[in-house]
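What follows is the residue order along each chain.
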Number of protein chains: 2
Amino acid sequence: MTGMTEPTPKPSQERPYARAHERLKAAGLRSTRQRLALARLLLEKGDRHVTAEGLHAETKAAGIRISLATVYNTLHQFTDAGLLREVVVGTGRSWFDTNLDDHHHFLFEESGRIEDIPPGRIALSDLPAPPDGTSLAGVDVVVRVREGS
Amino acid sequence: MTGMTEPTPKPSQERPYARAHERLKAAGLRSTRQRLALARLLLEKGDRHVTAEGLHAETKAAGIRISLATVYNTLHQFTDAGLLREVVVGTGRSWFDTNLDDHHHFLFEESGRIEDIPPGRIALSDLPAPPDGTSLAGVDVVVRVREGS
DNA sequence: GTGATTGCAAATCTTTTGCACTAAA
DNA sequence: TTTAGTGCAAAAGATTTGCAATCAC
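Now for a quick tour of the structure. It should be emphasised that the depicted structure is a prediction, and the values quoted were computed from it without experimental measurement.

Time to look at the interface of chain A and chain B. Taken together, the 38 residues of chain A in the interface contact 38 residues of chain B. The junction of chain A with chain B conceals about 3,200 Å² of combined surface from both sides, 53% of it contributed by carbon and sulfur atoms. By the criterion of area lost to chain B, the three top residues of chain A are Pro-128, Asp-140 and Arg-144 of chain A, representing 17% of everything that side buries. Scanning the region where chain A abuts chain B turns up four salt bridges. Asp-126 of chain B is paired through a salt bridge with Arg-121 of chain A; the nearest N and O atoms lie 3.7 Å apart. Along the contact surface separating chain A from chain B lie twelve residue pairs in polar contact (both at pLDDT 80 or more). The element that contributes the greatest number of residues to the side of chain A that touches chain B is strand 7 (residues 134-147) of chain A, accounting for 14 residues. Looking at chain direction, strand 6 (residues 123-125) of chain A and strand 6 (residues 123-125) of chain B are connected through three bridges and run antiparallel. For Ala-123 of chain A, the partnering residue across the bridge sits in strand 6 of chain B and is Ser-125 of chain B.

Here is the structure:
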């Protein structure tokens, strides 16, 4: 027991970093300045699809200083911690998706951008049995669309 | 008319490059030494999935001298000409598939290798409508499997 | 002969890594 | 204090490109 007054915890809506801090803590990640900033950008804005490059540009625009290498590392740490999902489509570009539900993607061929397909809009039947000696890890469906026409 | 004897054309089975030559010609591509060699490796051995790197190694092992850049360029020319299909899965690696039929792939996560899923083994229903202003370009299904267990 | 094709090396693009420095707990 | 995390620059793939030399037609 201390003689000091306990500070009254404010509800997290009033402390912008509190939610991010809690999520990082729950994921077993230290709340560093850069992880908090990225967590806020990614996890408090609804569903998002970002590339490392794009997120880095976003932090720069917001006046947050983070190196591109740290953005890459952090995105992978978040993915390993189950806060993000990595989506590999199109050539040589990884997207990170904040939507963790089981879902699939539209791929816009011109821009390489992706977008969620509303849940329940794709049904797969007759899934083939995995080849001998293998087990199913997941199924990805990519619906490629062209802009215009 | 010449006094010379016309050489009797042999059936193409006996002239290993004849078929490849005809396919290139039909595709509007000049029959260069390297295109013929690659066409034979790719198109006369049943269904194949190759990477540029892998195909380059194969030519080297066969004593055929082709630069890696030319292998890349040729694979793309063949793809543009409709002789091959490019399959992008996993990170930063393009596969070229000699199977032009509409079909999908297993992806072996450890090795990054792909394999055709037997036709008719996947049925998609309830395909979502392409977003406004876009038209459907194709649907790719990747069944990811893990080796072992 | 002449324009398409090739080879090479250098450039590009995305992503990863090594390591000295910094900061969270 | 101690150990995880960061920044930077350099490395590492995969692929592309520029250009002079070469080859198919």
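Structure shown, so let's carry the discussion forward.
All right, on to the relation of the copies chain A and chain B then. Rotating chain A by 180° and translating it 0.0 Å along the rotation axis places it on chain B, where the RMSD comes to 0.1 Å. On this basis, the relationship between the two copies can be described by a two-fold rotation axis. The residues that chain A uses at the interface reappear at the interface of chain B in 100% of cases, marking a shared surface.

When two helices pack together, their arrangement is captured by the angle between the axes and the distance separating the axes. Residue and element names in this part refer to chain A. Two elements in contact, helix 2 (residues 33-43) and helix 3 (residues 52-61), have axes whose closest approach is 11 Å; the angle formed by their N-to-C orientations is 110°. The angle between helix 2 and helix 3 places the two elements in the roughly perpendicular class. Of the residues in helix 3, those touching helix 2 at Leu-38, Leu-41 and Leu-42 are Leu-55, Glu-58 and Thr-59. Here the contact of helix 2 with helix 3 is built from residues that sort into four nonpolar, one polar and one charged.

All names here are of chain B. Helix 4 (residues 68-80) packs onto helix 2 (residues 33-43) with a crossing angle of 65° between their chain directions and a minimal axis gap of 11 Å. Taken together, the axes of helix 2 and helix 4 are roughly perpendicular relative to one another. When you trace helix 2 past helix 4, the crossing you get is right-handed. Contact residues: Gln-34, Arg-35, Leu-38, Ala-39 and Leu-42 in helix 2; Thr-70, Val-71, Thr-74, Leu-75, Gln-77 and Phe-78 in helix 4.

Taken together, the six strands give an open sheet; going across it, the order is 5(A)-4(A)-7(A)-7(B)-4(B)-5(B), and neighbouring strands pair in mixed fashion. Two strands in the sheet have a free side with no partner beyond their single neighbour: strand 5 (114-116) of chain A together with strand 5 (114-116) of chain B. Recorded for the sheet is a direction-independent mean angle of 30° between the axes of neighbouring strands. With four bridges joining them, strand 4 (residues 105-108) of chain B and strand 7 (residues 134-147) of chain B adopt parallel strand pairing. In the sheet register, His-105 of chain B faces strand 7 of chain B, and the bridge partner there is Val-142 of chain B.

Reading guide: rules and limits
- Residues numbered from 1 in each chain as written.
- Chains lettered and ligands numbered in written order.
- Predicted model: local features only at pLDDT ≥ 70, side-chain atom pairs only at ≥ 80, totals over all residues.
- Heavy atoms only, no water.
- Contact = heavy atoms within 4.5 Å.
- Buried area = accessible area lost by both parts, 1.4 Å probe.
- Salt bridge = Lys/Arg side-chain N within 4 Å of Asp/Glu carboxyl O.
- Polar contact = N/O pair within 3.5 Å; in protein donor to acceptor, adjacent residues only side chain to side chain.
- Helix = DSSP H or I, 4+ residues; strand = E, 2+ residues; numbered from the N terminus.
- Pairing = 2+ DSSP bridges.
- Least-squares fit on C-alpha atoms with pLDDT ≥ 70 in both.
- Axes fitted to C-alpha atoms, helices over the stretch in contact; angles between N-to-C directions.
- Parallel < 35°, antiparallel > 145°, perpendicular 65-115°, else oblique.
- Nonpolar A, V, L, I, M, F, W, Y, C, P; charged D, E, K, R; others polar.
- Left-handed = near helix turned anticlockwise from the far one by under 90°.

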